[in-house]
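Read off the chains here:
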Amino acid sequence: METSSGFLFSDNLFDNMKNTENLVVVHISATAVYAVIGRVVSADDIRIMGVGQVKNSDYYQGQIKHRERLQGAIKQAIQDAEDTANCRVHSVWLTIATPELLSKNSSGYVTVEEETVSAKDMVQALANAKSKDLPSDYYLMHCCQQGIYIDEQETMVDDAIEMFAHDITVMYHMMMLPVASRQNIQKLLQSCDVGIDHIVFDAVTSAEYGLMSEERQQGVCLVDIGAGSTSLCVYKENKLIFTHCIPSGGHEVTMDISADMGISMIEAEKLKKQHGTVDLHSIDPSAFFVFKPQGSGDEINVSVYNLARIIEARYIQIFTEVARQLHEAGLLSYIERGIVLTGGGSTIKGMVPFAKKLLKMPVVLSNTHPAISAYSYFDNEALFKQLNLQLNDRAYQTAFGTLLYSQSEQFRRSEKSEPEALQKGGMKSTFRNVGQRFTSVLKKIL
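Residues numbered from 1 in each chain as written. Predicted model: local features only at pLDDT ≥ 70, side-chain atom pairs only at ≥ 80, totals over all residues. Heavy atoms only, no water.

### Thoughts on the overall build of the chain
Selection rule: Runs of E in the DSSP output that reach at least two residues are strands. Runs of H or I that reach at least four are helices, and both are numbered from the N terminus. Think of it in three bands: residues with accessible area under 20% of the maximum for their type are buried, residues over 50% are exposed, and the middle band is partly exposed, with areas taken using a 1.4 Å probe on protein chains only. We call two residues contacting when some pair of their heavy atoms lies within 4.5 Å. Residue exposure ignores everything except the shown protein chains as possible cover, and the areas themselves are Shrake-Rupley values with a 1.4 Å probe.
Secondary structure summary: the chain contains 13 helices and 20 strands in total. By residue count, 55% of the 446 residues in the chain fall in the buried class. When contacts within the chain are restricted to residue pairs at least 6 apart in sequence, long-range pairs at least 24 apart make up 70% of them. Approximately 19,400 Å² of the chain is accessible, and the part contributed by carbon and sulfur atoms is 49%.

Have a look at this one:
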C-alpha cells in the first residue's frame, strides 16, 4: 500500500504560502470522473484550487468497461483541474467504490523487543494482521487503525509509540481489493501519466466530509448511494468498524423506468430527476403529465403515481439490502444516530421520510463541510464564482472528503503501521482511552 505524500509541483504563484501542501484527488464513479486540486492550509482550512468533471460510464461496479475511453476521461478531468489551478499534477489520491471490496476487522499481535513500543513494532503488527487475514490473491487497498491494546489492559489507546509494554495488539479495519483489479487500476492511472499515492474506499472519504464527530461517537452508518453501487461504512466510538459495497444504485432506477416505459436511458434519467419521488403519499393517483421523448413525434401520458412506484420498488430493494448487511454484522443496535445519506442517488424527492419509515430509524442527509472553501487567488471573478458553485455540488463531496481524510487523525494513526513509518523519526505519543463499550463492539463483530 503506497504511502508517499501526494503532491504536485505548482508554479511560483503559490510560493508565498508556507507550510501548506497541495493534494490532488481523482474520484472515478459510474457516471463521471472527478479531479480536485486542493491547497491544504490546515485540517480546518482546505482551499479548492481547481476541479474537473468529465462524464463517463466506463467504470461500473468496480469493472473497467472500456479502458481507452476511461483513460481519456481521467486525463481530461485532470487537465481541466490543472488549467483552473495553473499547476501540473504528478500523483493523486484515488477514491473508488467496488463490490469487489472485501472488508474485515483484524488484529496484529507483537511482542515488544525493547522496553518501549517503537515504529518497528507497529509496522510488524500490521504485517502480522495481513499474514493472518489477507488472502493471497487480494491487495490491502486501505486500512484504518481502530486502537491498540497494551499488555493485559482492558481498554485501548490510540497511539502506543514510546510507551512501556511487553506486548501490543493493534486492531484494524482492513479493506481489500483483488490483486488483478488493483493492477488494472494502477496501470490505468500510469497510462494517464500520474502515480497513485493512496487508494481509498469512497464511503470512508464521504464519511469524512458528511459525518459529525458526535455521530461517529454515538454510532452511525453512512450510506452513499451512487449510480452503480451503494457504499456503506459504520462508525462507533469514532472508529471505523464496518464497510461494504452493494452492487446496486441509482442507475438501476433509471433502467427500470426505461424498461417499463419503453424509452431511452437518457429520457428515463430526465424523468427521474424532473418528476421522480419515493413519497407515494404526496401524489394524487389521478395525476398525469405529458412527456414527449426527444426525436419522437409521439407524446406519452405518464402517471406520476406509476413513475413513483417504479422508483420506490428499486429503493426498497437497496435499503432492504443495507438493513440486511447491518443485521448480519450485528450492528443495528450500535448505530444510535441511524443513517446519514449521501451520493447522487439520495437526492430524489421524499427520500428522507421514505427511508425513515422503511428502516424505522433516524435518517438525515449529509451537510456541507465548513473546512472546504474556494481558493481566492484568481483575478478572474467569474472563475472564482464558478468554484464556489461547485463547492455545493454533492457530486464532488467524495473528492472533497478525501482531502479532509488526508489530514485526519485516523489517517495519521494508520500511517504509523506502514513500512514507510520506519523512515520517519520523531514520532510523539498521544494517549487516550476509548472505553470498554467500544471494546465490546469489536469483540462482537470480530
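Once the structure has been displayed, the description carries forward.
### Some details on the side chain of S91
Selection rule: Whenever a nitrogen or oxygen atom comes within 3.5 Å of another N or O atom, the pair is scored as a polar contact, on the condition that within protein one atom can donate a hydrogen and the other can accept it, and that pairs from neighbouring residues in sequence are kept only if both atoms are in side chains.
On the secondary structure map, S91 appears in strand β8 (residues 91-96). Residue S91 is classed as buried on the basis of its relative accessible area, which comes to 10%. Side chain to side chain, S91 and D197 meet in a polar contact 2.9 Å long.

### With respect to the packing of aromatic side chains
The cut-off we apply is this: Classification of ring pairs uses Phe, Tyr and Trp, with its six-membered ring standing for Trp, and accepts pairs whose centres are within 6.5 Å; under 30 degrees between planes counts as stacked, over 60 as edge-to-face, and the remaining range as tilted.
Scanning the entire structure with this criterion turns up six aromatic pairs. Ring centres of Y396 and F400 lie 5.9 Å apart, and the angle between their planes is 20°; this geometry places the pair in the stacked category. Classification of Y396 as buried rests on a relative accessible area of 1%. For F400, a relative accessible area of 1% corresponds to the buried category. An aromatic cluster of three or more residues is present, and its members are Y34, Y209, Y396 and F400.

### Concerning the sheet that holds strand β11 (residues 167-178)
Just so we agree on the cut-off: For two strands to pair, DSSP has to find at least two bridges joining them. Axes, fitted as lines to C-alpha atoms, cover a helix only where it is in contact. Angles between the N-to-C directions of the axes lie from 0 to 180 degrees.
The strand order across the open sheet built from three strands is β9-β11-β10, with neighbouring strands paired in antiparallel fashion. Edge strands, defined here as strands with exactly one partner in the open sheet, are β9 (102-111) and β10 (138-150). Taken pair by pair, the neighbouring strands of this sheet meet at an average axis angle of 25°, ignoring direction. Strands in contact with helix α3 (residues 179-191) are β10 and β11; relative to β11, the strand with the most contacts, it is inclined by about 70°.

### Some points on the state of the cysteines
Let me state the cut-off plainly: Any two cysteine sulfur atoms within 2.5 Å of one another count as a disulfide.
Applying the stated criterion across every chain yields a total of zero disulfides. Here C221 stays free of any disulfide, with the sulfur of C233 as its closest cysteine sulfur at 6.8 Å. On the accessibility criterion, C221 (0% relative accessible area) is buried.

### Overview of the environment of E252
With respect to the helices, strands and loops of the structure, E252 is situated in helix α6 (residues 250-261). Here E252 falls in the buried class, since its relative accessible area comes to 10%. When the C-alpha atoms of E252 and S229 are compared, they prove to be 9.3 Å apart, with 23 residues separating the residues in sequence. The residues touching E252, leaving out its near neighbours within four places in the chain, are Y60, Q61, A227, P247 and R314. In this structure the side chain of E252 is engaged in a polar contact, spanning 2.8 Å, whose partner is the side chain of Y60. Within polar-contact distance, the side chain of E252 engages the backbone nitrogen of G249 at 2.8 Å.

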